[in-house]
Amino acid sequence: MSTLLKINASLFSANGQSSQLTERFVAAWQASHPGTQVIERDLAANPVPHMDGARFMAFLAKPEERSAEQQAVVDFSDALIAELRAADAIVIGLPMYNFGIPSQLKAYFDHIARAGVSFRYTANGPEGLITGKKAYILAARGGIYAGTPKDSQTTYVRDFLGFIGITDVEFVYAEGLNMGDESKTAALAKAHQSLATLTA
């Protein structure tokens with residue numbers, strides 16, 4: 001039985017356009033992969049705390065010297081990483097806010113990037129430790145940015161996932177969603193076709 005981790009980063013939870021794309025993806029995936037277990041993480045409904053000095057120092061503290069509060073921070077991070085390790089595939093619903101990724105997704109990334117846990121430094125540079133997985137990024141955008149200098153998301157998300165070991169990353173774009181009904185309809189139809197192909 002395979003496991004699929006679904007991460008929604010929309011401020012509007014299940015009502016966001018990117019979240020609706022992940023729902024469609026999961027339904028198609030389950031139809032093609034019967035018995036798939038789906039782990040759901042909604043970063044709006046259950047936000048990951050933004051990184052601060054205290055949380056960062058909890059990661060750096062030696063296990064035997066951690067306070068109870070620091071251990072709770074580490075345990076929370078460990079649980080997020082365990083979800084990633086348990087998944088065979090990951091799908092992320094990714095809206096674009098002000099040319100970047102949602103801050104709640106950045107907070108999630110900050111909690112799963114742990115030296116010695118999800119990556120390690122070697123003589124040849126960093127090595128990701130979350131390997132053998134494929135990620136699908138479903139990017140919903142009001143304008144059209146893919147392939148332009150204003151698309152800061154694609155390179156960043158691909159680089160981050162690669163840093164922790166997830167190098168097989170597929171992007172599906174639904175762009176121009178705020179550029180009129182015709183543009184929105186065409187963009188969603190194209191994205192839906194891409195999802196059907198990827199999950200077949």
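The structure reproduced in this document is the subject of the present report. (Residues numbered from 1 in each chain as written. Predicted model: local features only at pLDDT ≥ 70, side-chain atom pairs only at ≥ 80, totals over all residues. Heavy atoms only, no water.)

Focus on the side chain of Glu175
Checked against the element boundaries, Glu175 lands in the loop between β7 (168-174) and α6 (181-199). You can call Glu175 buried: its relative accessible area is 14%. Side-chain polar atoms of Glu175 contact the backbone nitrogen of Tyr145, separated by 2.8 Å. At 2.9 Å, the side chain of Glu175 and the backbone nitrogen of Ala146 are in polar contact. Contacts of Glu175, omitting those with residues within four sequence positions, involve Arg141, Gly143, Ile144, Tyr145, Ala146, Ser183 and Ala187. (Helix = DSSP H or I, 4+ residues; strand = E, 2+ residues; numbered from the N terminus. Buried < 20%, exposed > 50% of the residue type's maximum accessible area, 1.4 Å probe, protein only. Polar contact = N/O pair within 3.5 Å; in protein donor to acceptor, adjacent residues only side chain to side chain. Contact = heavy atoms within 4.5 Å.)

Regarding the nonpolar core
Leu84, Ile90, Leu105, Tyr108, Ile112, Ile137 and Ile166 are the most contacted members of the largest nonpolar core, which has 29 residues in total. Secondary structure elements with two or more residues in this core: β1 (3-8), α3 (68-86), β3 (89-95), α4 (103-112), β6 (134-140), α5 (152-163) and β7. Sorting elements by how many residues they give to this core places α4 first, with five residues. If we skip the residues at most four places from it in the chain, Leu105 touches Ala9, Leu43, Ile92 and Leu94. In terms of nonpolar packing, the next biggest core, distinct from the first, is built from 17 residues, Leu4, Val172, Ala174 and Leu195 among them. (Core = buried A, V, L, I, M, F, W, Y, C linked by side-chain atoms within 4.5 Å.)

A word on the pattern of salt bridges
Throughout the structure, instances matching the rule amount to 10 salt bridges. The partner of Lys106 in a salt bridge is Asp110, with the nearest N and O atoms 2.8 Å apart. Taken together, the positions of Lys106 and Asp110, both in helix α4 and four residues apart, correspond to about one turn of that helix. Assessed through its relative accessible area of 34%, Lys106 is described here as partly exposed. Residue classification places Asp110 among the partly exposed residues on the basis of a relative accessible area of 24%. (Salt bridge = Lys/Arg side-chain N within 4 Å of Asp/Glu carboxyl O.)

A closer look at the pairing of β6
Most of β6 is tucked away, with seven of its seven residues classed as buried. Both faces of β6 are covered, namely the face carrying Lys134, Tyr136, Leu138 and Ala140 and the face carrying Ala135, Ile137 and Ala139. As defined by bridge partners, β3 adjoins β6 across seven bridges and the pair is classed as parallel. Across the sheet, the residue bridging to Leu94 is Ala139, located in β6. (Pairing = 2+ DSSP bridges.)

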